[in-house]
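Listed below, chain by chain, are the residues.
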Amino acid sequence: MNRLPLFPVTTVGSWPRPPAVLEAQRQLRHRRITSAEFARIADPAVRSLVEQQEQAGCDVITDGELRRDNFYSFVATKLDGVRLMTLAEMLDVVEDKAAFERLLQTLDVPAYSISNPTAIGPLKRREPLAADDLRFVRQLTDRQIKVTLPGPYLLMRAMFVPEVTGPTYATKEELGEAVVDVLRDEMTELARAGADFVQLDEPVLSELAFAPGRTRTFMCAALAAGRDPAEELELAVSLINRVLEGAGVRTGVHVCRGNWSRDERTLLRGSYHPLAPYLERLRTDQLVLEYATERAGDLLYFGGKELGLGVVNPRTDAVERPAEIRVAVEQAARLYPADRLFLNPDCGFGTFSSRPMNSDGIALAKVRAMAQAARELRG
Ligand SMILES: [Zn+2]
């Protein structure tokens, strides 16, 4: 494994899918092509993205989640017991249709664009969630590799639809246990296959902290209404910690305020402060947090942890200047030891494959700006 320089540069996960990959995803979904045919299109796209990241100065490489439809629903294609349900199908099965319809009206993502991975039977890994994708990238680069996985709290919330999940898992907590088992197995396989860094994505935590009682959110995960936010956050900490225990690789937890719209007014707002007591207790090496947007408030110190510092906004056309990135890192270095700071964007550049937040050209320019800033800071 390559040793990392100071201020390692990396990304948070998703990258805008090339048109050919997007089309191949569509074909695969409608079973018009086989997964081998899909790989013939996706493999060169991933290879090209790995090369681009290397050339741009990324120290920790990802595969850009190019093969995934989005950051969490792709698990339906990898697990037994999970089925993608459109919101129309969910409306058919839920008992309180009026309440569900009211919820749909408050969503700011078009309902037709979402399919929810729903637990309909016992969860079982039919194939790895990400280990095969990692093995492919491992052949392409000597640099460190980060793998992103949906976190256990996010998956539990998304997958639990009482009317269809109930016969197998009576409560969402029971489903949560099964999710932990699946993710632990995946972590073990990822460590064996040469992952250097595994990041769990838990964006729903911000919904608990910043939008209690509000229904407007970016994924149906939040439709499985919770108890009081503090209890939900305790549950999240417990699930995440059990997935991370004994991981054998660097681990990270990413929490942002949503990354589904370029209209900043629709995204959640608030400092990480209310989440801090929970984030502090996560047994993760690193917190990957957004700080390039003023919606994230003041920089907080999390003792004993690395900070994946968000220094570029994935949703804007303007490319941050290396000088302004440097200032942000220097400010963070007043709180954190320099060897505990990573540089990354606030979130992925392409959350949903069909609705990327940016073009690949701008995404790459932003990575180059981070790398330039890191070089200057190292100097
Ligand atoms: Zn994010």
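Presented here is an overview of the structure given in this document. (Residues numbered from 1 in each chain as written. Predicted model: local features only at pLDDT ≥ 70, side-chain atom pairs only at ≥ 80, totals over all residues. Heavy atoms only, no water.)

## Thoughts on the overall build of the chain
Okay, so step 1: The helix and strand inventory of the chain stands at 13 helices and 9 strands.
Okay, so step 2: Taken against the 2.2 N^0.38 rule, which gives 21 Å for 379 residues, the C-alpha radius of gyration of the chain at 19 Å falls within 12% of a compact globule.
Okay, so step 3: Judged by the C-alpha coordinates and their principal axes, the chain covers about 60 × 45 × 40 Å.
Okay, so step 4: Residue burial in the chain is summarised as follows: out of 379 residues, 58% are buried.
Okay, so step 5: For the chain, restricting intrachain contacts to residue pairs at least 6 apart in sequence, the fraction spanning at least 24 positions comes to 79%.
Okay, so step 6: Accessible surface computed for the chain: about 15100 Å², of which carbon and sulfur atoms make up 50%.
Okay, so step 7: Separation of charge centres in the chain, based on 48 positive and 53 negative side chains, amounts to 3 Å. (Helix = DSSP H or I, 4+ residues; strand = E, 2+ residues; numbered from the N terminus. Rg over C-alpha atoms; globule rule 2.2 N^0.38 Å. Buried < 20%, exposed > 50% of the residue type's maximum accessible area, 1.4 Å probe, protein only. Contact = heavy atoms within 4.5 Å. Areas by Shrake-Rupley, 256 points an atom, 1.4 Å probe, with all protein chains shown as cover. Lys, Arg positive; Asp, Glu negative; His and termini not counted. Charge placed at Lys NZ, Arg CZ, Asp CG, Glu CD.)

## A word on the nonpolar core
Okay, so step 1: Residues Leu123 and Met159 are the most contacted members of the largest nonpolar core, which totals 99 residues.
Okay, so step 2: Excluding residues that lie within four positions of it along the chain, Met159 makes contacts with Val75, Leu79, Val82, Pro117, Thr118, Ala119, Leu123, Thr165, Leu175 and Val179.
Okay, so step 3: Grouped together as the second largest cluster of nonpolar side chains are 8 residues, Leu87, Met90, Leu91 and Phe100 included. (Core = buried A, V, L, I, M, F, W, Y, C linked by side-chain atoms within 4.5 Å.)

## Some thoughts on the sheet that holds strand E9 (residues 341–345)
Okay, so step 1: The strand order E1-E4-E5-E6-E7-E8-E9 describes an open sheet built from 7 strands, whose pairing is parallel. For this open sheet the edge positions go to strand E1 (60–61) and E9, each flanked by a neighbour on one side alone.
Okay, so step 2: Where E1 meets strand E4 (residues 144–150), 2 bridges bridge the pair, whose relative direction is parallel. Across the sheet, Val60 pairs through a bridge with Gln144, a residue of E4. (Pairing = 2+ DSSP bridges.)

## Here we look at unusual backbone geometry
Okay, so step 1: One non-glycine residue with positive phi stands out, namely Phe7, at about 50°.
Okay, so step 2: Take Phe7: it is sitting in the segment before helix H1 (19–29).
Okay, so step 3: Its identity as a non-glycine residue notwithstanding, Glu65 has a phi of 55°, on the positive side.
Okay, so step 4: Looking at where Glu65 falls in the secondary structure, it is placed in the loop between E1 and strand E2 (79–86).
Okay, so step 5: Under the relative-accessibility criterion, Glu65 is labelled buried at 3%.

## Focus on the coordination of the zinc ion
Okay, so step 1: The protein atoms that coordinate the zinc ion are His254 (NE2), Cys256 (SG) and Cys347 (SG), at distances spanning 2.1 to 2.2 Å.
Okay, so step 2: Sequence spacing of the donor residues for the zinc ion, all on one chain, is H-x1-C-x90-C. Just as His254 is buried, Cys256 falls in that class too. (Donors = N, O, S within 2.8 Å, 3.2 Å for Na, K, Ca; no water.)

## Examining the pattern of salt bridges
Okay, so step 1: Scanning the entire structure with this criterion turns up 25 salt bridges.
Okay, so step 2: One salt bridge connects Lys78 with Glu127, and the closest N-O pair in it is separated by 3.6 Å. Of the two residues, Lys78 sits in the loop between E1 and E2 while Glu127 sits in the loop between strand E3 (115–125) and helix H5 (131–138), which places them 49 residues apart along the sequence.
Okay, so step 3: Its relative accessible area of 33% is what places Glu127 among the partly exposed residues.
Okay, so step 4: For Lys366, the salt bridge goes to Glu320, with nearest N and O atoms at 3.1 Å. A residue pair is termed long-range when its members are at least 10 positions apart, and Lys366 in helix H13 (residues 360–378) and Glu320 in the loop between strand E8 (306–312) and helix H12 (322–335) qualify at 46 residues. (Salt bridge = Lys/Arg side-chain N within 4 Å of Asp/Glu carboxyl O.)

## Here we look at the layout of surface pockets
Okay, so step 1: The space that makes up the largest pocket amounts to roughly 1300 Å³.
Okay, so step 2: Around the largest pocket sit 38 residues that line it, and Gln25, Leu28, Arg29, Arg67 and Thr77 are the ones nearest its centre.
Okay, so step 3: Listed by contribution, the elements that provide at least two residues to the lining of the largest pocket are H1, helix H2 (35–56), E2 and H5.
Okay, so step 4: Examining the composition of the lining of the largest pocket, we find that 5 residues originate from one element, H1, more than from any other. (1 Å grid on protein atoms, 1.4 Å probe; cavity = no way out; pocket = protein on both sides within 12 Å on 5 of 7 lines; lining within 4 Å. Points joined across faces, edges and corners; volume = space filled by probe spheres on them.)

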